[in-house]
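What the coordinates show
This is what each chain is made of:
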Amino acid sequence: MRRKDVSYAKFGYIFTFPFVLAFLIFSLYPILYTAVIGFTDMKGLIPKPIHILDNPFQNFKDLLFDNVSFRKSLINTFLLWITNFIPQMALALLLTAWFTNKRLNVKGQGLFKVLLYMPNIITASTIAVLFSTLFAYPMGPVNSLFQMLGWSDSPIFFLQDKTTARGIIAFIQFWMWYGNTMIVLIAGVMGINPALFESAAIDGANGFQTFFRITLPSLRTILLFTLITSMVGGLTMFDIPQLFLAGGPDDSTLTTSMFIYGQAFKGSYMYNRAAAASMIMFLISAVLSGLLFYVMRDRDAAKLKKIQKQTHRNAAQAAAREV
Amino acid sequence: MEKNRESSKVTQTVNKTIIYVVCIALAVLSILPFWIMFVNATRSTPEIQSGLSLLPSSHMMGNLKVLLDKSFDPLQGFMNSFIIASGATLCTVYFSSLAAYGLVTYSWKLRGAFFTFIMCVMMIPSQASAIGFYQFMYKLHWTNNFLPLILPAIAAPAVVFFMRQYLLATLSIEIVEAARVDGSGEFRTFNRIIMPLMMPAIATQAIFAFVANWNNLFMPLILLTQKEKYTMPIMVSLLRGDIYKTEFGSIYMGLALTALPLFVVYFLLSRYIIAGVALGGVKE
């Protein structure tokens, strides 16, 4: 029985070592490097000695206060995200309510799930180019369809109008992701204790009441998780807008990732500016992740602590009064 | 009372009709763009410009020829994407399983800290470090090399998190102890006994890792500048360029070729993929 005394603790370190090493080399170091570049004058194709700027925050200051393009990209990113997230969530919730309603007993759910999720798995670049071809001017499938249905007499130049261009990108994102959100939410509903639904049915709750009083509150954590991961995903939106219109018309579909890519890799080689923009993006996503961490932490444990504190304080007060 | 029941039955039928109409409309919306893509890949450019059709035509070979004549090499792109995606997938699933096993099985001093660390770095977007990463790889002369697209996959925090949850739910420590009694080393135990047990989780994560790496555009676009190193998504971006401006037939053909492998994979594995999504945490 001496074997029991052998310590296996070192294997914990050994088994996680490749992960840590890869993280240090390929994530942490590049992030720190990016942060440093953000404070320097590194630009141009030919490498030359770089210097920290006299005012280290000059790049950040320029971006936030003087760079119209960058500010536009932040606003666009937010607009494109919110206009796809709200309808995506609404539709996903509606479908979840339908598919999980036992009284409705919707048939063919498996097939619907497979088909509604499908766009999510196809390469985003392919979808972006496909849609820009579908909306081609003067003759493209969508224009043909509009004329066939008698919705328009002359071809429409969809991609010239800022609102339409943004709308189509938001639609593509919505179309690619609502199936995913729906499946996650349905799984969440399946995880709710069935006794809750049974007792609601016995109490005579209708479909609406059950959904709003039981299903939605139980899904709160999953909804928040979806919200925040979608926000970080939206913040880094690149493939669709880049290949759909490359930012046009008039920068109306330029996102922050595209701004970073454009500054560094499309002929201007403004690495310092791109790095500063990356750091701003990193800070936003760090705040969002922190929020998620706070939300996902063990809620009950936190509540218990709070109550304990409260009773402790009450007891202390009572004791103080008694004296 | 009888009447009441009757009317509620009617409402139920109406509701169900609405639900099926909406679901079928959404299903059509999912299929239609791809349907048009595949159909138009077989139609000539004049046919495409003369209007919409849902039936294939006979110009598939012609479109393919025009496409291939203009320096579009789908086979090369396919190979490159395949090498990168498989390499990255192997790295991700093996080392993530290993790290998760290390987290679950052994009690070591920094275990809690390591788990918190994984939770913290789970959502760092690769765009945030792209500039430093590019400069670093440039200095190593690793641009136009597949390694910087494969090796970073060793550290996949979200996958470690998923694998840990799976192991916590399924692994009984007795198995590990029994293996130790039989004289099996720790690595051997992991490779021979634990990995096979984890197969369901590994398969799910492998599918998602593969698809995510296959579809990735940002990093390859930054790092790969030589034509013969292009991946599928970069090739797609060529279709937007001037060389194909009016050759709609071949553009659709190119798009169809890049999407086809994914459709095949999806319809073979859709059951597992849907189940994997339902397990959560697989948002990009």
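Residues numbered from 1 in each chain as written. Chains lettered and ligands numbered in written order. Predicted model: local features only at pLDDT ≥ 70, side-chain atom pairs only at ≥ 80, totals over all residues. Heavy atoms only, no water.

Going by this rule: UniProt positions are given in the numbering used here, feature names are shortened, and annotations may be inferred rather than shown by experiment.
As recorded by an unreviewed UniProt entry, chain B carries the name Multiple sugar transport system permease protein and is attributed to Paenibacillus silagei. Taken verbatim from the UniProt record of chain B, the Sequence similarities (unreviewed entry) comment is "Belongs to the binding-protein-dependent transport system permease family." You can read under Subcellular location (unreviewed entry) in the UniProt record for chain B the words "Cell membrane".

Looking at an unreviewed UniProt entry, chain A carries the name Multiple sugar transport system permease protein, with the source organism given as Paenibacillus silagei. Per UniProt, the comment on chain A under Subcellular location (unreviewed entry) is "Cell membrane". Recorded under Sequence similarities (unreviewed entry), the UniProt text for chain A is reproduced unchanged: "Belongs to the binding-protein-dependent transport system permease family."

1. Observations concerning helix α1 (residues 9-38) of chain A
Applied cut-off: Numbering of helices and strands starts at the N terminus; helices are DSSP runs of H or I of at least 4 residues and strands are runs of E of at least 2. An expected span of 1.5 Å times one less than the residue number is assigned to each helix. The reported bend at a residue is simply the angle between two axes, fitted to the 7 residues ending at it and to the 7 residues beginning with it.
Here α1(A) spans 41 Å end to end across 30 residues, near enough to the 44 Å set by a 1.5 Å rise per residue. Along α1(A), the helix axis deviates most sharply at Phe17(A), where the bend reaches about 45°; the proline Pro18(A) sits within four residues downstream.

2. Description of the UniProt feature "transmembrane region" (unreviewed entry) in chain B
All names here are of chain B. Following the UniProt record, the feature "transmembrane region" (unreviewed entry) maps to residues 18-38, 78-101, 113-134, 146-163, 193-214 and 249-269 here. Secondary structure within residues 18-38 divides into 100% helix and 0% strand; the distance between the first and last C-alpha atoms comes to 30 Å. Each end of residues 113-134 is marked by a C-alpha atom, and these two atoms are 30 Å apart; helix forms 64% of the span and strand 0%.

3. As for the UniProt feature "transmembrane region" (unreviewed entry) in chain A
This chain's UniProt record puts "transmembrane region" (unreviewed entry) on residues 12-32, 78-99, 111-137, 175-197, 218-238 and 274-296 of chain A. Overall, residues 78-99 of chain A shows 100% helix and 0% strand. The separation of its end C-alpha atoms is 31 Å.

4. Focus on the environment of Pro56(B)
Residues and elements named next belong to chain B. Quick note on the threshold: Should any heavy atoms of two residues lie within 4.5 Å, those residues are considered in contact.
Inspection of the secondary structure puts proline 56 in the loop between α2 (45-50) and α3 (60-69). Sequence separation of proline 56 and tryptophan 35 is 21 residues, and the distance between their C-alpha atoms is 9.7 Å. With residues up to four places along the chain from it excluded, the contact list for proline 56 reads Val39 and Thr42.

5. Some remarks on the interface of chain A and chain B
Keep this limit in mind: When two components associate, each loses some accessible surface as probed by a 1.4 Å sphere; the sum of these losses over both components is called the buried area. By definition here, a salt bridge exists when the distance from a side-chain nitrogen of Lys or Arg to a carboxyl oxygen of Asp or Glu is within 4 Å. Polar contacts, as counted here, are pairs of nitrogen or oxygen atoms within 3.5 Å of one another; within protein the pair requires one atom able to donate a hydrogen and one able to accept it, and residues that are adjacent in sequence qualify only if both atoms are side-chain atoms. When residues are grouped by polarity, Ala, Val, Leu, Ile, Met, Phe, Trp, Tyr, Cys and Pro land in nonpolar, Asp, Glu, Lys and Arg in charged, and all others, Gly among them, in polar.
Contacts between the two partners involve 97 residues from chain A and, on the opposite side, 93 residues from chain B. Each partner contributes to the roughly 8700 Å² buried at the junction of chain A and chain B, and carbon and sulfur atoms together form 79% of this total. Ranking the residues of chain A by area buried against chain B places Phe15(A), Phe19(A) and Phe26(A) at the top, with a combined share of 10%. Scanning the region where chain A abuts chain B turns up 0 salt bridges. On the surface where chain A and chain B come into contact, there are 18 residue pairs in polar contact (both at pLDDT 80 or more). Here the element with the most residues in the side of chain A that touches chain B is α1(A); it accounts for 21 residues. Class assignment of the residues belonging to the side of chain A that touches chain B gives a composition of 71 nonpolar, 21 polar and 5 charged.

6. What about empty space enclosed by the protein?
All names here are of chain B. Stated formally: Two kinds of site are reported from a 1 Å grid over the protein atoms alone, namely cavities, where a 1.4 Å probe fits but cannot get out, and pockets, open sets with protein on both sides within 12 Å along at least five of seven lines, and residues are called lining when an atom falls within 4 Å of a point. Grid points are joined across faces, edges and corners, and a volume is the space filled by probe spheres set on the points.
Summed over the entire model, instances satisfying the criterion amount to 2 cavities of 30 Å³ or more. Put simply, the largest cavity is a space of about 40 Å³. Forming the walls of the largest cavity are Ser81, Ile84, Ala85, Asn213, Trp214, Asn216, Pro220, Thr231 and Pro233. Elements with a minimum of two residues in the lining of the largest cavity: α4 (74-105) and α11 (199-215). Ranked by residues supplied to the lining of the largest cavity, first place goes to α4 with 3 residues. For the lining of the largest cavity, the per-class residue count stands at 5 nonpolar, 4 polar and no charged.

7. Digging into unusual backbone geometry
Where we set the bar: The classification of residues rests on relative accessible area computed with a 1.4 Å probe and restricted to protein chains. Under 20% of the type maximum is buried, over 50% is exposed, and intermediate values are partly exposed.
Notably, Asp250(A) is not glycine yet its phi reads approximately 55°, a positive angle. As for its position among the elements, Asp250(A) is in the loop between α11 (239-244) and α12 (256-265). Positive phi outside glycine occurs at Asn144(B), with the angle close to 60°. Judged by its relative accessible area of 14%, Asn144(B) is buried.

8. Thoughts on the domain arrangement of chain B
We apply this condition: Note: domain ranges come from an automatic or database domain assignment.
Split by domain assignment, chain B resolves into domain 1 (2-59) and domain 2 (71-238). A separation of 39 Å is found between the C-alpha centroids of domain 1 of chain B and domain 2 of chain B.

9. Here we look at the layout of surface pockets
Its volume calculated, the second largest pocket comes out at about 1100 Å³. In terms of lining residues, the second largest pocket is bounded by 32 residues, among which Ala97(A), Asn101(A), Lys102(A), Leu104(A) and Gly207(A) are the most central. Among the secondary structure elements, those contributing two or more residues to the lining of the second largest pocket are α3 (68-99), α7 (162-190), α8 (194-202) and α9 (207-218) of chain A together with α1 (2-40) of chain B. For the lining of the second largest pocket, the per-class residue count stands at 19 nonpolar, 10 polar and 3 charged.

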